[in-house]
Amino acid sequence: MINLYPYQSKAVHQLREAIKGGAKRIALVAPTGAGKTVMFSYLTSRIIANGKRALILTHRSELLTQAGGTLSKFGLSPIHIKPSYRPKTIKGSLYVAMTQTLVRRFKKPLYDEWLQSGVDVIIVDECHRCDFNTILDSLPPHVIVIGVTATPHREKNQPALSDFYEDMVEVAQVQELIALGKLAKPISYGVSIDLSGVKSKGSDWDSNEVGKRMDEVQLYHGVYENYMKYTPNQKAIVFSSSIESSKTLVNSLCEKGLPAKHLDGNTSTKERRETLKWFASTPNAILSNMGILTAGFDEPTIQVVILYRATKSLPLFLQMVGRGSRTHEGKDKFTILDFGNNIATHGFWEQDRVWSLEKPKRKRNGLGVAPIKECPSCSAYLAAQAKECEYCGHVFPPTKEQEQERVVAELKRLTYSEVQKAAAGASFEQLEQLAKAKNYSKNWIFYQLRTEQQLKDYAKFKNYSHKWVAYQLKLRRSKKV
């Protein structure tokens, strides 16, 4: 039996309260590494203990049904609805089904009857995926649906999650989990690539075109150079744009003497199993993959995540980087090497995010993407407002805006007589800083301009017309100023 962490117990309690309050469809949102599988496995054990019947919908059923998996640690032995499963009746208390398998069968009388009256609770793993939509649309109203995801986000023409879920429970933010020691802290580096002219395919970049662009500029040499500079001899997982691009990168790394291998959807089951075993047991292994290790793959010894691709998808970005976020003995940090402008597009992986079941009305930077800058000393990515690099200690000179704020803060402490003395020899810019600091009106600045020439010079400084100067002179002649 696994004991829940306090933040997990809190989330489960909030989920129960939402159900007691009448909610039937709830999204449970937790960052990659927060223990989503543990939480919904615990929930499932309580559902079964209360005499209810449950179905877990997933796209990684083998991980849930294997001996020693999370469900078995809670004493659960689910029936696996897989292609070879051909029952005459469906009467068990707990089932796990691949979504695609169930979609192909749920209109058949046996499965339709079961979904209408033989299931009390459905847990949807990775509920942001659209392949669950068809099943959820066909469920009777009494069935409680609990969707679990790290990223409740839908792209462009995809229906919003609010079409399927009515409430949301958030477990924790990444920063909170890092502070608790449950996730490793990332260090981010990046090499920009020009993607102008690269076409989109659906809601994302055309991955083959991105791969060709990377090969054209021989970016694989940059992967080697940056890996050796920042993370030599560390275990790395690479997410590549295309199969060909991944193989080109692996060949280049092997030619340079690094232990690297490639995986993709066409790799045989035997070779995939052997490659993953090699990756787990080789301390400095580099494993490049195309589209198969983004979710449901847990290897806590990963020290480096190499993004050798570009994506417009926020969920995909978070999932890829999350592969390196697991803590391990002697590991409390990991490194991100970004070769696809992904951090510039989506913000830092670890930044707090405001989630909603509704689709964002604005473009990506409407999600709160903070501007970033590169440390000139160690090349790490930092928040634009950082005054000092947290990795090498480099101190950034203050920006013009920061320097102005510092001056204003100092000027606030001046007495009236000190202000008048300072104003006597001040530049126009200094006069405005004085006025801002003491909350004086613009008229105070105008009053410091004693001569016609000063008025003309100030008008030029502010880009005012000659009519403004004439008006100020008229006011002075009438003694209103």
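Note that this is a predicted model, so its numbers are computed, not measured.

*Asks:* Honestly, the sheet that holds strand β14 (residues 304-308) in this entry has me stumped. Any pointers?
*Replies:* The pairing of strands in a sheet comes from backbone hydrogen bonds and takes either a parallel or an antiparallel form. The 6 strands lie next to each other as β8-β15-β14-β11-β13-β12, forming an open sheet whose pairing is parallel. The two strands at the open ends of the sheet, each matched to only one other strand, are β8 (185-190) and β12 (260-264). Strand-to-strand, the axes of this sheet are offset by a mean angle of 20°, without reference to chain direction. Bridge count between strand β11 (residues 236-240) and strand β13 (residues 286-290): 4 bridges; the pairing is parallel.

*Asks:* Explain unusual backbone geometry to me, please; I cannot follow it from the model alone.
*Replies:* Most peptide bonds take the trans form, and the phi angle of most residues other than glycine is negative. Its identity is not glycine, yet Asn341 carries a phi of approximately 60°, on the positive side. One can find Asn341 in the loop between β15 (333-338) and α14 (342-346). A positive phi angle is found at Ser379, which is not glycine, with a value near 75°. Turning to its location among the elements, Ser379 is positioned in the loop between β16 (372-374) and β17 (381-383). By relative accessible area, which is 15% here, Ser379 ends up buried.

*Asks:* Would you take a moment to explain the confidence of the model for the protein chain for this structure?
*Replies:* For residues with low pLDDT, the predicted coordinates do not support detailed interpretation. The share of residues in the protein chain with pLDDT of 70 or more is 91%, and the mean pLDDT across the chain is 86. Note that residues 363-367 has pLDDT below 50 and, in this model, 11 contacts with residues that lie over four places away or in other chains.

*Asks:* Looking at this structure, how should I read the packing of aromatic side chains?
*Replies:* For any pair of aromatic rings, the description consists of the separation of the ring centres together with the inter-plane angle of the planes. What the rule picks out here adds up to 15 aromatic pairs. Considering the side-chain rings of Tyr111 and Trp114, the 6.4 Å spacing of their centres and the 80° angle between planes classify their relative orientation as edge-to-face. Linking Tyr111 with Trp114, this pair stays in helix α6 (residues 109-117), spanning 3 residues, or about one helical turn. Residue class for Trp114 comes out buried when judged on its relative accessible area of 4%.

*Asks:* I tried to follow empty space enclosed by the protein on my own but got confused; where do I start?
*Replies:* Sizing a probe to match a water molecule and rolling it over the atoms shows the empty space that remains. By the definition in use, this model includes 2 cavities of 30 Å³ or more. Approximately 170 Å³ is the volume found for the largest cavity. Lining the largest cavity are 15 residues, with Pro31, Ala150, Val174, Leu318 and Trp355 sitting closest to its centre. In the lining of the largest cavity, the residues fall into 9 nonpolar, 4 polar and 2 charged.

*Asks:* For this particular structure, what's the right way to read the pattern of salt bridges?
*Replies:* When charged atoms on two side chains of opposite charge get close, those side chains can pair. Scanning all chains against the criterion turns up 8 salt bridges. As a salt-bridge pair, Lys185 and Glu390 come within 2.7 Å of each other at their nearest N and O atoms. Here Lys185 is found in strand β8, whereas its partner Glu390 is found in the loop between β17 and α15 (400-411), with 205 residues between them in sequence. What makes Lys185 partly exposed here is its relative accessible area of 33%. By relative accessible area, which is 51% here, Glu390 ends up exposed.

*Asks:* Looking at this structure, I do not really get the environment of Leu115. What am I missing?
*Replies:* Counting through the fold element by element, Leu115 comes out in helix α6. It is 35 Å that separates the C-alpha atoms of Leu115 and Arg353, two residues lying 238 residues apart in sequence. The contacts of Leu115, once residues within four sequence positions are left out, are Leu55, Phe106, Ile122, Leu139, Pro140 and Val143.

*Asks:* What should I look at first to understand the environment of Val354 in this one?
*Replies:* Tracing the backbone through its elements, the reader meets Val354 in the loop between α14 and β16. For the pair formed by Val354 and Gln173, sequence separation is 181 residues and the distance between their alpha carbons is 9.4 Å.

*Asks:* Explain the side chain of Asn226 to me, please; I cannot follow it from the model alone.
*Replies:* When you line up the elements, Asn226 lands in helix α10 (residues 219-230). Non-local contacts of Asn226, meaning those with residues more than four positions away in its chain, are made with Val191, Thr231, Leu337 and Phe339.

Criteria and cut-off values
Residues numbered from 1 in each chain as written. Predicted model: local features only at pLDDT ≥ 70, side-chain atom pairs only at ≥ 80, totals over all residues. Heavy atoms only, no water. Pairing = 2+ DSSP bridges. Helix = DSSP H or I, 4+ residues; strand = E, 2+ residues; numbered from the N terminus. Axes fitted to C-alpha atoms, helices over the stretch in contact; angles between N-to-C directions. Buried < 20%, exposed > 50% of the residue type's maximum accessible area, 1.4 Å probe, protein only. pLDDT = per-residue confidence, 0-100. Contact = heavy atoms within 4.5 Å. Phe/Tyr/Trp six-rings, centres within 6.5 Å; stacked < 30°, edge-to-face > 60°. 1 Å grid on protein atoms, 1.4 Å probe; cavity = no way out; pocket = protein on both sides within 12 Å on 5 of 7 lines; lining within 4 Å. Points joined across faces, edges and corners; volume = space filled by probe spheres on them. Nonpolar A, V, L, I, M, F, W, Y, C, P; charged D, E, K, R; others polar. Salt bridge = Lys/Arg side-chain N within 4 Å of Asp/Glu carboxyl O.

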